[in-house]
Structure formats: structure tokens, C-alpha cells
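Chain by chain, the residues run as shown.
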Amino acid sequence: YLTGVVAGKMTKSNVAGYVAAFPIPEVLQGINAFVRGMRSVNPKAELKVVWVNSWFDPGKEREAAQTLIAQGADVVTHHTDSTAVVQTAEEKGVWAVGYHSDMSKYGPKAHLTAATHLWGDIYTKAAQDALAGKWKPMNVWGGIKDKMVKLAPINAAVPAEVKDQVGKVEKEIVAGKFHPFAGPVKDNEGKERVAAGKTMSDDEMQKMDFYVEGVQGKLPKP
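Attention in this report is confined to the structure presented alongside it. Nothing here was measured: the structure is a model prediction, and the numbers come from that model. The written sequence of each chain sets the order in which its residues are numbered from 1. Two thresholds apply to this predicted model, a pLDDT of at least 70 for residue-level local features and 80 or more for giving and counting side-chain atom pairs, whereas whole-chain, interface and lining totals are computed over all residues. Derived side-chain values reflect all non-hydrogen atoms in the structure, with water molecules and hydrogen atoms excluded from consideration.

**Observations regarding the pattern of salt bridges**
Now for step 1: A pair is scored as a salt bridge if a Lys or Arg side-chain nitrogen falls within 4 Å of a carboxyl oxygen belonging to Asp or Glu. Within the structure shown, the criterion is met by eight salt bridges.
Now for step 2: For Arg39, the salt bridge identified is with Glu46, shortest N-O distance 3.7 Å.
Now for step 3: Exposure classes here rest on a 1.4 Å probe applied to the protein chains alone. A residue is buried below 20% of its type maximum, exposed above 50%, and partly exposed in between. Here Glu46 falls in the partly exposed class, since its relative accessible area comes to 27%.
Now for step 4: Of the charged contacts in the structure, one is a salt bridge between Glu91 and Arg62, with a shortest N-O distance of 2.9 Å. Taken together, the residues span a long stretch of sequence, with Glu91 in helix H4 (residues 84-92) and Arg62 in helix H3 (residues 58-70) at a distance of 29 residues.
Now for step 5: A residue is classified by how much of its surface remains accessible, and Glu91, at 53% relative accessible area, is exposed. Here a helix means four or more residues in a row that DSSP labels H or I, a strand means two or more in a row labelled E, and each is numbered from the N terminus.

If you want it as C-alpha cells, here you go:
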């Protein structure tokens, strides 16, 4: 959502592109949060998605990014594991948002920011618990507040007021005052999925099977 806010402020064409792995809830959460972030600051923003049906395929990811840029996207992002999308953006002179890690060295001009995953502490604790004979299987579902997700440094080309806005929303998310899927949430066919005053639960997010308003096209069947 936060990277979407940055993208929504930086796009000139009002079109962003998303290179996505598989049409499963985890990936749809990222797509939908990103476009909701964009449209919170830029109601005209639209998102095009290309599915590559792979977690890691730099060739396919590059091709998908090139297709999206050719279709007018001036910001591209991804839920795939290589740096190909960021590198393609750098070559083509458009903006990019990285995923998993700070990918700025692969696109020094293009890289606006990234949603990074910090799992080191979780793994360290699990290993220590296992050594002490205390480890038990459990679901781990952490976010910014848990220091498991962090925004990478924001590109110097992003205006200070945009950085301030992102910081404000981030604090509201951590404080539990704001949720990216707080209602009303409509899908891209106009059907209400979350009513005003309600918020999607973790369990509902884990079953997400639709595109929100602003995403173009139909969702492929998994």
C-alpha cells in the first residue's frame, strides 16, 4: 500500500504495471494493496497485470515488464523473485518499485522504493527455540509493526511532501488506525467486497480471489 502511494504520486501516465507470479491470495493481496495505495492519492490511477506463472524467471519477468511499459506503464513493480523488472525499468527510463529487498543498485535512477521482508530475527528465534527444545509449529503473520516488513529508502527524486505522507500512513498502519483493506472495498466489476466501516480480517485476506477497483482485466483461474 505504501509503495502504491509513492507510485500514485510519481506516475504521469496514471498507468502502472505489475509483474505477478501466480494468481493466489498472497500475490493478490500485494496487487490490490498497491493499487489501493495508488488510488488513495491519484483516483485516476490504473494497474495492468501480467502473470508469468513462475516465482523466478528473469527472462519472463523482463518480457512482462517490457510489455507493460509498451502499454503505457511509467511505473512497474512485481511479486516475483528476480531483479529483472527493476533493471528493465532502468533501461527504459521509467520508475520501478522493488520487492523482497532493496533493489536500488539494479536501478539507481528507476528505483522509487521497495517492500522489503526482514525474516532474520524470526529464523534466529526459531533456531534458538529448536536448540532449547522449545520450538512449536505456528503460523507467522507479521507486518511493519513486527519489524518483518520495511519500506526501502525512498528515491531522492520523490518530493518531501510525498515522503511525509507515506510516513504518516505508515504510522497509522502500525498504530492500528488504518488498514489497506478497510471498507468500502469494491472489486473491479463493481461488487462490494467489504462494507464501509468494516475491515478485511487476516483470514479473509488469506482467501482473496478478486481484483479491486483500478485493476484492469479479469483474474485468471489458478
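**Looking at a nonpolar patch on the surface**
Now for step 1: Together, Ile122, Met138 and Val140 line one region of the surface with nonpolar side chains, adding up to about 280 Å² of accessible area.
Now for step 2: Structurally, the position occupied by Met138 is in the loop between helix H5 (120-131) and strand E6 (149-151).
Now for step 3: With a relative accessible area of 63%, Met138 lands in the exposed category. Here, patches come from residues exposed beyond 30% relative accessible area and free of salt bridges, joined within 9 Å for like charges and within 5 Å for nonpolar side chains (Val, Leu, Ile, Met, Phe, Trp, Tyr). The protein chains shown are the only cover counted for residues, whose accessible areas, like all others here, come from Shrake-Rupley with a 1.4 Å probe.

**A word on the packing of aromatic side chains**
Now for step 1: In this analysis, rings of Phe, Tyr and Trp, with Trp reduced to its six-membered ring, are considered paired at centre separations within 6.5 Å, and the interplanar angle assigns stacked below 30 degrees, edge-to-face beyond 60, and tilted for intermediate values. Applying the stated criterion to the full structure yields four aromatic pairs.
Now for step 2: Between Tyr18 and Phe34, the ring centres sit 6.0 Å apart and the planes meet at 75°, which makes this aromatic pair edge-to-face. One end of the pair, Tyr18, is in strand E1 (residues 15-20); the other, Phe34, is in helix H2 (residues 25-41), with 16 residues separating them in the sequence. Like Phe34, Tyr18 is buried.
Now for step 3: A centroid spacing of 5.3 Å and a plane angle of 65° characterise the contact between Phe22 and Trp55, whose relative ring orientation is edge-to-face. Of this pair, Phe22 sits in the loop between E1 and H2 while Trp55 sits in the loop between strand E2 (46-51) and H3, and the two are 33 residues apart along the sequence.
Now for step 4: By relative accessible area, Trp55 is classed as partly exposed at 33%.

**Observations concerning unusual backbone geometry**
Now for step 1: Residue Pro184 is reached from Gly183 by a cis peptide bond, and omega for that bond is 5°.
Now for step 2: For Pro184, the position within the fold is in the loop between helix H6 (160-174) and strand E7 (185-186).
Now for step 3: For His100, which is not glycine, the phi dihedral falls at a positive 80°.
Now for step 4: Inspection of the secondary structure assignment puts His100 in strand E4 (residues 95-100).
Now for step 5: With a phi angle near 60°, Lys147 is a residue other than glycine that sits in the positive phi range.
Now for step 6: Take Lys147: it is sitting in the loop between H5 and E6.

In short, geometric facts, not functional conclusions.
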